[in-house]
Each structure stands twice: as structure tokens, then as C-alpha cells.
Amino acid sequence: MVSLVAIGGVLVWTLVAYALRGADRVNALDVLLPLVASGALLLRRRHPVAALVVVTTASAAYYPLAGLDGPVIVMAFVTLYTAADLGHLIAAVAVGAVALLAMGLGETGGTRHVDDSMFLMIAGWVVAAIAFGGVTRNRRAYLTEARQHALDALRSKEEEARRRAGEERLRIARELHDVLGQKISMINVQAAAALHGIRKRPEEAEAALRTIKDTSKETLRELRTTLGVLRQVDEDAPTAPADSLARVDALVAESGLDVRTELSGPLDALPTEVDLAATRIVRESLTNVSRHSGTDKATLTIRNASGNIMICVEDDGPGAPYDGGSGFGLLGMRERATALGGVLEAGPRSEGGFRVTARLPLSRPTNGAR
């Protein structure tokens, strides 16, 4: 649009000047130079430096050589602005300076086309055109950068939201596995014991059924608590089930195993997340002994020392072939330990049986380790 306006203005001016001044004052350059400058102006976006050189050269030659005083220089201002706007600032400054020097003292037939005051005005317009082109380029670059920063921030926010959602899904999966998987496995073990002894040893069957009742009641309570937290329908609901290493005796009793327990150091008033993770690891490990070891005996060692909770659960049963721990139980235990900056190892013992060991730091590491 700017190119067409400038070209139209120059051509109209040339025709008007030609009509007013007469053919005796007009030569071929009065028409040729504006046409050359107009054609180059149309290519100013594709070839800004080449168009700048052609238009400014035609403008500088027009005033000393042509017979009319037309506004061809307007097209030079447009190409200077365009070159600076497209990033060719040095070329715009150099060509503008050379053009000013070339047209500054040009005279034809005793007529001075550019006197001192006009020269200063033209120089000011040249500087203004170049400066305005540089400003618009900088503003466009700033807006592009701001837009990119906004897009990056939005993308980062979306990635953070996806990451948090993924972590939350993993946490929910662990909680539901701990609440449902472990307790239902315990109920299954006790139910099998009750069925096995209901006729021969009814007193043991009664104890097993009582354990099933208590375990199912506890499972329902923990499930309601977990779902209440997820739905956020109860502001007073605890953020985690009430399991604690301080109740390790009850935890062992729920397992239905003959467990030899070794405790060392204070196990109450532990950080909530450490206490919960340790309890879940102990419960899952004892559940695995009941389900997979082929024995009803186990050893549980818990030590609070050197700023860590150390847990070891082992048995001497024949067990099933170890597949590397591909199930969700061991995976959930490892995730809990890793989330606190600790470690968990599980595998067969050389002397037979299976062992699970875990180290949970009582405070998060300061170096950002996970």
C-alpha cells in the first residue's frame, strides 16, 4: 500500500509538473528516473538493499539532472525505512549518507534545487526514516520475544500440570493398593485359614473370622478416608490413613504371622510422610511373606539411627521363583522410598528365603536428590 501511494504520488506530480512547465523544460530523465525508482520500490520487501540503492541513486540523480522538481525523494525515504525495518540498518545509514552528499550541491541551468535549509530538512527526514525503521523493528522483535515467552510459560505450566497430575495418579494408585491390596490379601489368608480349620480346630477358625472382621472394618475406614481426601468433601479428614510405626505391634498382629520383632530407637513422633511410608513398606512386606513365602514365620527389624529409619523384613520360606519384582507391591514400596530420598532393595537370601530392606531419611536431602 505504501509503495503504491508513493508511486502514484510521484507519477501524478510528474504529469502535473510536465503540464505546468511545458515540454521545453522537461527531458527524458524526468520520466525515466521516477519509473526506475517506482519499479525498484515495488521490490523493497524482497530485496531491500538492492531497492534502497536503486531508489536513492535515482533520487540523488533526479534533482541535479532532471528538469522538474518532483517528490521522487519520498520513495527514497520509504526504502530507507524499509531497509532499517528489515534489519539492514548499516546499509540504510551508508546509502543515506552517500545520497545526501551526492545531492547536496547539485545545480542545473543556474537553478539550485537543494539549498542549505532544504538540505538540512532532507537530512532530517533521512535520519527520521532510518530511526523509525529501527524502532519498528525493535518493537516487532520485542513483541515476538514477549509472545514467545508467554507461549513458553504456558507450555511450561501445562507440562508442570501434567507432571503433577502424573505424580498424583501414582500417589493415588499406591494408596489404593496399600488400602485394598494388602488388606484384602490378609483377608484372603485368614479366610483360607478359617476354612481349613473350621471343622478340626473351630477355635482357630473363630479367631481367623474375627481377624477378617476387624481387617475388613479397618479397610473400609481407610478406604473412606482416602476417598474423602480425593473428593475433598471433608475438610477435617486426615490427609493419610492413621497407620504408624508406633502401632507396629498391631500391624504385626494383623499379618497373622509369627513375627520376631526387633525395634531400636524412638518410633513415635516421626515425620508424617516417613512414618506412613515406613508403615506401608512393613505392611506390604509382611503381606508378601503371607502370600508368597510358603512359611508363617518372619523377622522384622526397625531401627531409628543416624537420621534414618532402617527396615528389614526377611523370611526363610521356600517361596515362589523370584521374577525381579515386577508386581505393583514392590514397585510401590520402591517409589515411596525414592520419593523420600531413600532406597529399597528386595531379593532372595543366599541362605534361603526372601529379604526386603529399606532406608528412609527422616529429613529431605538438601541437594535436591529424589
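- Under the annotation held in an unreviewed UniProt entry, the protein carries the name histidine kinase and is attributed to Nonomuraea terrae.
- Quoted verbatim from the Catalytic activity (unreviewed entry) field of UniProt, the annotation for the protein is "ATP + protein L-histidine = ADP + protein N-phospho-L-histidine."

Regarding the packing of aromatic side chains
- Under the criterion given, the structure shown has two aromatic pairs.
- Judged by centre distance (5.5 Å) and plane angle (25°), the ring pair of Tyr-81 and Phe-132 falls under stacked. Linking Tyr-81 in helix H4 (residues 73–85) with Phe-132 in helix H6 (residues 116–197), this pair joins segments that are 51 residues apart in sequence.
- Note on Tyr-81: relative accessible area 22%, which makes it partly exposed.

Quick word on the pattern of salt bridges
- Applying the stated criterion across every chain, the model contains 10 salt bridges.
- Here Glu-262 makes a salt bridge to Arg-260, at a shortest N to O gap of 2.4 Å.
- Given the relative accessible area of 36%, Glu-262 is considered partly exposed.
- Its relative accessible area of 49% is what places Arg-260 among the partly exposed residues.
- Across the pair Glu-314 and Arg-355 runs a salt bridge whose closest N-O atoms are separated by 2.9 Å. Of this pair, Glu-314 sits in strand S5 (residues 308–315) while Arg-355 sits in strand S7 (residues 354–361), and the two are 41 residues apart along the sequence.
- Residues joined in a network through salt bridges with shared partners are Glu-314, Arg-349, Glu-351 and Arg-355.

Quick word on the packing of helix H8 (residues 248–255) against helix H9 (residues 272–293)
- Two elements in contact, H8 and H9, have axes separated by 10 Å at closest approach and are oriented at 20°. As the angle between them shows, H8 and H9 are arranged roughly parallel. Crossing angle aside, the handedness with which H8 passes H9 is right-handed. Of the residues in H9, those in contact with Leu-251, Val-252, Glu-254 and Ser-255 of H8 are Thr-279, Val-282, Arg-283, Leu-286 and Ser-290.

Observations concerning the side chain of Thr-295
- As for its placement among the helices and strands, Thr-295 is situated in the loop between H9 and strand S4 (297–305).
- Here the side chain of Thr-295 touches Lys-297 through a polar contact of 3.3 Å, landing on its backbone nitrogen.

Re the side chain of Thr-299
- Mapped onto the fold, Thr-299 is located in strand S4.
- Leaving out residues up to four positions away in the same chain, Thr-299 has contacts with Arg-260, Cys-312, Val-313 and Glu-314.

Focus: a nonpolar patch on the surface
- A cluster of nonpolar side chains, Leu-32, Val-36 and Val-54, forms an exposed patch at the surface whose accessible area comes to about 220 Å².
- The topology assignment puts Val-36 in helix H2 (residues 29–41).
- Here Val-36 falls in the partly exposed class, since its relative accessible area comes to 36%.

Re the nonpolar core
- Among the nonpolar cores identified, the biggest contains 30 residues, and Leu-300, Ile-309, Ile-311 and Leu-360 are the most heavily contacted of them.
- Counting residues per element, the ones that place at least two in this core are H8, H9, S4, S5, helix H10 (328–339), strand S6 (343–348) and S7.
- With seven residues, the top contributor of residues to this core is H9.
- Apart from the residues lying within four places of it in its own chain, the contact partners of Leu-360 are Val-274, Ala-277, Ala-278, Ile-281, Gly-307, Asn-308, Ile-309, Ile-311, Ala-337 and Leu-340.
- Counting 26 residues, the second-largest nonpolar core is a separate cluster that includes Ala-58, Phe-77, Val-95 and Ala-129.

Considering H2
- The terminal C-alpha atoms of H2 lie 18 Å apart, and with 13 residues this matches the ideal 18 Å at 1.5 Å per residue to within 8%.
- Turning to H2, its buried residues number three or more, namely Asp-30, Leu-33, Pro-34, Ala-37, Ser-38, Ala-40 and Leu-41. Within H2, the buried residues cover an arc of 165° as seen down the axis, which keeps them to one side.

What to know about the sheet that holds S6
- An order of S3-S4-S5-S7-S6 is seen for the five strands of this open sheet, with the pairing classed as mixed. Edge strands, defined here as strands with exactly one partner in the open sheet, are strand S3 (258–264) and S6. Averaged over neighbouring strand pairs, the angle between their axes works out to 10° when direction is ignored.
- In terms of strand pairing, S3 meets S4 through seven bridges, oriented parallel. Among the inter-strand pairings, Val-259 is bridged to a residue of S4, identified as Ala-298.
- The strands touched by H8 within the sheet are S3 and S4, with S3 carrying the most contacts at an inclination of about 165°.

Considerations on unusual backbone geometry
- Despite not being glycine, Ala-269 shows a phi value in the positive range, around 60°.
- Relative to the helices and strands, Ala-269 resides in the loop between S3 and H9.
- Positive phi, close to 55°, is recorded for Ser-306, a residue that is not glycine.
- Summarising the element assignment, Ser-306 is placed in the loop between S4 and S5.

Rules behind the numbers
Residues numbered from 1 in each chain as written. Predicted model: local features only at pLDDT ≥ 70, side-chain atom pairs only at ≥ 80, totals over all residues. Heavy atoms only, no water. UniProt positions renumbered as here; feature names shortened; annotations may be inferred. Phe/Tyr/Trp six-rings, centres within 6.5 Å; stacked < 30°, edge-to-face > 60°. Helix = DSSP H or I, 4+ residues; strand = E, 2+ residues; numbered from the N terminus. Buried < 20%, exposed > 50% of the residue type's maximum accessible area, 1.4 Å probe, protein only. Salt bridge = Lys/Arg side-chain N within 4 Å of Asp/Glu carboxyl O. Axes fitted to C-alpha atoms, helices over the stretch in contact; angles between N-to-C directions. Parallel < 35°, antiparallel > 145°, perpendicular 65-115°, else oblique. Left-handed = near helix turned anticlockwise from the far one by under 90°. Contact = heavy atoms within 4.5 Å. Polar contact = N/O pair within 3.5 Å; in protein donor to acceptor, adjacent residues only side chain to side chain. Patch = residues over 30% accessible without salt bridge, like charges linked within 9 Å, V, L, I, M, F, W, Y side chains within 5 Å. Areas by Shrake-Rupley, 256 points an atom, 1.4 Å probe, with all protein chains shown as cover. Core = buried A, V, L, I, M, F, W, Y, C linked by side-chain atoms within 4.5 Å. Expected span 1.5 Å × (residues − 1). Arc of directions from axis to C-beta. Pairing = 2+ DSSP bridges.

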